[in-house]
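Chain residues, written in single-letter form:
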Amino acid sequence: MDISITGASIPGRGAVAVGVAKDGKLSPAAKALDDKTDGAIRQVIRSSRFNGASGQTAMIQAPRGTRLDRILLLGIGDPKSLTQIDLEAIGGRAYSQLAGSGSKQVKVVIDAENMGAKTRLSRGQVQAHIALGAKLASYRFDKYHTKLKDEDKPSLESVAIGARAAASARDAFEKLSAVGDGVFLTRDLVSEPPNILFPASLADRCQELTALGVKVEVLGEAQMKKLGMGALLGVGQGSERESRLVVMQWNGATKKEKPVAFIGKGVTFDTGGISLKPAAGMEDMKWDMGGSAAVIGTMAALAGRQAKVNAVGVVGLVENMPDGNAQRPGDVVTSMSGQTIEVLNTDAEGRLVLCDALWYTQDRFKPEFMINLATLTGAIIIALGDEYAGMFSNNDKLSERLSAAGEAVGEKLWRFPLHKNYDKKLKSEIADMRNIGNARGAGSITAAQFLQRFVNDVPWAHLDIAGVTWSGASKPTSPKGGTGFGVRVLDELVRRHYEG
Ligand code: BES
Ligand code: MN
Ligand code: ZN
């Protein structure tokens, strides 16, 4: 999809999308079109429920007195209080409403007075976020369809965003677009089927980030064995496919700056192992590498926009399969930290992968902070559904920064408690700890407590993204399927606090 920023004039051909504020107040572009069409827009407002409320849309087909295909009216509510999320939703709706309309091109001219005045967005940023919203909404993953007819594909080929401050909007969009590319990469990776995307092939996809200036190292099983990563390796033991650990480094700041570190769970398929999952819905476990995909997408975003930060991304890539060599319930493994783990449920594998990846990261990089992302527990879906991801942290400042960044970009995080009494539930008779709690309840918290045992003094947050990585329903800037959750909040966190 071609998304560009141009001047604010109203075109003569194609489709046009314009804004109507609450109580049917026409924006300048809407007013101009209304005049040209002998009042067609006011007529819609008079004769329908469309009144400019935020989220509403109305379409005028083949408007008389013009050579336009159609005019899309977008309700924008109160222009002054538009947030970046609102603006992205407006851009997203402009795309989605016109994608299959028959129009090949649309120009989106949203030019109400004082847009974003309360939310302190510049004129350039306002238009750039509309452009980003259109881009995010245009995502498709259809590479495995060989029989799509033309009418099954979008007719829309280009979206032009009309901006009076076109140059500054373009500058802002260039950065945002790089973040959008990171989101797309994450969506692509979680969408790939598990016979195509497995540890080695996912590591190959990481290697492609070298084109953006990211340094990429891939560790195989022999190297991980030398490092003592018995917990991670135990998970991959029942798979024909070798495990990998990938280390990505983006050095956008001076050498003396400590890196920030992102760590991802990359279980390319989670059958549960010998503690086998039920058949129904097991196909969802192709996206059990969503944490790693978010880390990879974040590294692409930071490099793509040349962020002035040193960032490390570490992803543990394994396939959790049951076979004659698979890990058994009752096995005891030794992690890189030296701590031993009794594996009582082979389906609680994500924490086993992460504990070695976390230890390795803090040991090697001495980072400013560590944030790990993982589709770790079904219990977090029970608690939060697909609205918020769960957050666990040993550090108030880091978690407050994460919450605020997430709120701003629409990737919301809800903090859960950690407490030594939960930690006690990990006591094992035979080893330093067990990999599941010893009682029912608090499954997401005991998983987080497990991870915390592998974190020393460094500020750390664990994001349980099991409920938000995949969506069964389309949202304004996220078609159903992989959401790309994680990239935007991490990028925003870095942008706000860790650059320059
Ligand atoms: N990958 C799953 C968690 C999950 C479940 C993610 C559903 C997305 C949707 C994880 O590896 C897992 O199986 N967790 C178990 C832990 C349990 C055995 C303690 C769970 O949540 O049931
Ligand atoms: Mn599992
Ligand atoms: Zn899993």
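Analysis parameters
Residues numbered from 1 in each chain as written. Chains lettered and ligands numbered in written order. Predicted model: local features only at pLDDT ≥ 70, side-chain atom pairs only at ≥ 80, totals over all residues. Heavy atoms only, no water. Donors = N, O, S within 2.8 Å, 3.2 Å for Na, K, Ca; no water. Tetrahedral: all angles 85-135°; square planar, octahedral: opposite > 155°, others 65-115°. Helix = DSSP H or I, 4+ residues; strand = E, 2+ residues; numbered from the N terminus. Buried < 20%, exposed > 50% of the residue type's maximum accessible area, 1.4 Å probe, protein only. Polar contact = N/O pair within 3.5 Å; in protein donor to acceptor, adjacent residues only side chain to side chain. Contact = heavy atoms within 4.5 Å. Domains from an automatic or database assignment. Buried area = accessible area lost by both parts, 1.4 Å probe. Pairing = 2+ DSSP bridges. Axes fitted to C-alpha atoms, helices over the stretch in contact; angles between N-to-C directions.

Considerations on the coordination of the manganese ion (ligand 2)
Right, on to step 1. On the protein side, the manganese ion (ligand 2) has Asp 270 (OD), Asp 347 (O), Asp 347 (OD) and Glu 349 (OE) as donor atoms, found 2.0 to 2.2 Å from it.
Right, on to step 2. Considering all six donor atoms around the manganese ion (ligand 2), the spread of angles at the metal, 71 to 166°, places the coordination shape in the irregular class.
Right, on to step 3. Within one chain, the residues serving as donors to the manganese ion (ligand 2) are arranged as D-x76-D-x1-E.
Right, on to step 4. In this structure the zinc ion (ligand 3) is found 3.1 Å away from the manganese ion (ligand 2), and Asp 270 serves as a bridging donor for the pair. Here Asp 347 lies in the loop between β13 (340-343) and α10 (350-365) and Asp 270 lies in strand β10 (residues 260-270), a separation of 77 residues in the sequence.

Thoughts on the side chain of Asn 310
Right, on to step 1. The residue Asn 310 is located in strand β11 (residues 310-320) in this model.
Right, on to step 2. Judged by relative accessible area, Asn 310 falls into the buried class, the value being 5%.
Right, on to step 3. In this structure the side chain of Asn 310 is engaged in a polar contact, spanning 2.9 Å, whose partner is the backbone oxygen of Thr 254.
Right, on to step 4. Looking at Asn 310, its side chain comes within polar contact range of the main-chain oxygen of Glu 257, at 3.1 Å.
Right, on to step 5. Leave out the neighbours within four places in its chain, and Asn 310 touches Trp 250, Asn 251, Gly 252, Ala 253, Thr 254, Lys 255, Glu 257, Lys 258, Pro 259 and Val 260.

Points about the coordination of the zinc ion (ligand 3)
Octahedral six-donor coordination of a metal ideally yields angles of 90 or 180 degrees, compared with 109.5 degrees for tetrahedral four-donor coordination.
Right, on to step 1. The zinc ion (ligand 3) binds to the protein through Lys 265 (NZ), Asp 270 (OD), Asp 288 (OD) and Glu 349 (OE), with metal-donor distances spanning 2.0 to 2.4 Å.
Right, on to step 2. Every donor counted, the six donor atoms about the zinc ion (ligand 3) form angles of 78 to 175° at the centre, which fits octahedral coordination.
Right, on to step 3. Counting residues between consecutive donors of the zinc ion (ligand 3) along the chain gives the motif K-x4-D-x17-D-x60-E.

Details of the domain arrangement of the protein
Right, on to step 1. Domain assignment breaks the protein into domain 1 (2-164) and domain 2 (182-497).
Right, on to step 2. Each of domain 1 and domain 2 was reduced to a C-alpha centroid, and the two centroids are 38 Å apart.
Right, on to step 3. Counting residues at the interface gives 17 residues for domain 1, matched by 16 residues for domain 2.
Right, on to step 4. With both chains or domains summed, domain 1 and domain 2 bury close to 1400 Å², and 61% of this area falls on carbon and sulfur atoms.
Right, on to step 5. Looking only at domain 1, the three residues that lose the most surface to domain 2 are Leu 136, Tyr 139 and Phe 141, adding up to 45% of its buried area.

Here we look at the sheet that holds β10
Right, on to step 1. The strand order across the open sheet built from eight strands is β8-β9-β11-β10-β14-β18-β15-β16, with neighbouring strands paired in mixed fashion. The open sheet terminates on both sides in strands that have one partner only, identified here as β8 (215-219) and β16 (412-415). Looking at each pair of strands side by side, their axes are set apart by 20° on average, direction ignored.
Right, on to step 2. Note that β10 and strand β14 (residues 369-374) share five bridges and pair parallel. Along β14, the bridge assignment pairs Ala 261 with Met 370.
Right, on to step 3. The strands touched by helix α9 (residues 290-304) within the sheet are β9 (244-251), β10, β11 and β14, with β10 carrying the most contacts at an inclination of about 140°.

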